[in-house]
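# Fold and contact review
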Amino acid sequence: ESIVHTADLSGQGMIPDAAYTFGRGVLEEFHAQYKLEGQKGLQQSAFMKDLDQPMAQAKAQLSFIDFVLLPLWTSMRNFFPSIATPCDRISERMAEIDFEKVEEWKGLVSTIVGQA
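For the structure given in this document, a descriptive report is provided here.

Thresholds, definitions, all that
- Residues numbered from 1 in each chain as written.
- Predicted model: local features only at pLDDT ≥ 70, side-chain atom pairs only at ≥ 80, totals over all residues.
- Heavy atoms only, no water.
- Helix = DSSP H or I, 4+ residues; strand = E, 2+ residues; numbered from the N terminus.
- Rg over C-alpha atoms; globule rule 2.2 N^0.38 Å.
- Buried < 20%, exposed > 50% of the residue type's maximum accessible area, 1.4 Å probe, protein only.
- Areas by Shrake-Rupley, 256 points an atom, 1.4 Å probe, with all protein chains shown as cover.
- Axes fitted to C-alpha atoms, helices over the stretch in contact; angles between N-to-C directions.
- Parallel < 35°, antiparallel > 145°, perpendicular 65-115°, else oblique.
- Left-handed = near helix turned anticlockwise from the far one by under 90°.
- Contact = heavy atoms within 4.5 Å.
- Nonpolar A, V, L, I, M, F, W, Y, C, P; charged D, E, K, R; others polar.
- 1 Å grid on protein atoms, 1.4 Å probe; cavity = no way out; pocket = protein on both sides within 12 Å on 5 of 7 lines; lining within 4 Å.
- Points joined across faces, edges and corners; volume = space filled by probe spheres on them.
- Expected span 1.5 Å × (residues − 1).
- Bend = angle between axes of the 7 residues up to and from the residue.
- Phe/Tyr/Trp six-rings, centres within 6.5 Å; stacked < 30°, edge-to-face > 60°.

Each helix and strand counted, the protein has four helices and zero strands in total. Computed over its C-alpha atoms, the radius of gyration of the protein comes to 15 Å, within 12% of the 13 Å expected for a compact globule of 116 residues. Taking the principal axes of the C-alpha coordinates as reference, the protein spans close to 45 × 35 × 20 Å. By residue count, 34% of the 116 residues in the protein fall in the buried class. On the protein, roughly 7100 Å² of surface is accessible, and the fraction owed to carbon and sulfur atoms is 57%.

Written out as C-alpha cells, the structure reads:
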C-alpha cells in the first residue's frame, strides 16, 4: 500500500518540466474544486483557499512537499535506494520556491492568478 501511495505521489520526483506541469495541474484542480464547493454551498477546503494568488500557490506546494512528499519518499528510499534520484528532485523542487521572487517560480499557475 505504501509503495502504491508513493508511486501515486511521484509527480514532483519527475524531471523539472514534467514536475511543473503535474504540479500546476493539481493546483488548477484544487482551485476549481474550491470555487465549486463555494458555488454549491459546501464547506470549502481551507488548504485550497486563495490558490488564485501566487504566494498561496507557492505555500501550498512547499507545505505538500515538506509535510507529505519528503517524509514519504525519504522513508521509501531507506527500503529502495534506487529511488534516490526522484527523492533528490523533490528536494530540488522545494528549494526552487523563493518567496521573494514567487512570480518567477516555474511552478506558478499564471492562468488562475486573480480568478477568486
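The description of two helices packed together rests on the angle between their axes and the distance between the axes. Where helix α3 (residues 54-79) meets helix α4 (residues 84-95), the closest approach of the two axes is 10 Å, and the angle between their N-to-C directions is 160 degrees. With respect to α4, the element α3 is oriented roughly antiparallel. For the crossing formed where α3 meets α4, the hand is left-handed. Taking contact as the criterion, the partners of L62, I65, D66, L69, L70, W73, T74 and R77 in α3 are, on α4, A84, P86, C87, D88, I90, S91, R93 and M94. Counted by class, the contact of α3 with α4 contains ten nonpolar, two polar and four charged residues.

Once that is clear, we can look at empty space enclosed by the protein. Tallied over the full model, the rule gives one cavity of 30 Å³ or more. In this model, the largest cavity occupies a volume close to 70 Å³. In terms of lining residues, the largest cavity is bounded by Q12, A19, Y20, G23, R24, Q61, I65, R93, E96, I97, W105 and G107. For the lining of the largest cavity, the elements supplying multiple residues, two or more each, are α2 (16-39) and α3. By residue number, the principal contributor to the lining of the largest cavity is α2, which donates four residues.

Turning our attention to α3. For α3, built from 26 residues, the straight-helix expectation of 38 Å at 1.5 Å per residue is met to within 8% by its first-to-last C-alpha distance of 36 Å. If you look at α3, its biggest bend is around 40 degrees, right at I65. Along α3, the positions that sit buried rather than exposed are P54, A56, Q57, A58, Q61, I65, L69, L70, L72, W73 and M76. Along its buried surface, α3 packs onto α1 (2-8), α2 and α4.

Attention now moves to the packing of aromatic side chains. Going through the model one piece at a time under the given rule, you end up with one aromatic pair. Judged by centre distance (5.3 Å) and plane angle (90 degrees), the ring pair of F30 and F47 falls under edge-to-face. Of this pair, F30 sits in helix α2 while F47 sits in the loop between α2 and α3; the two residues are 17 residues apart in sequence, bridging distant segments of the chain. Using a relative accessible area of 24% as the deciding quantity, one classes F30 as partly exposed. Residue classification places F47 among the exposed positions, given a relative accessible area of 53%.

In this model, the largest pocket occupies a volume close to 360 Å³. Around the largest pocket, the lining is made up of 15 residues, and of these V26, F30, A60, Q61 and F64 lie nearest the centre. Secondary structure elements with two or more residues in the lining of the largest pocket: α2 and α3. Residues belonging to the lining of the largest pocket are distributed by class as follows: nine nonpolar, five polar and one charged.

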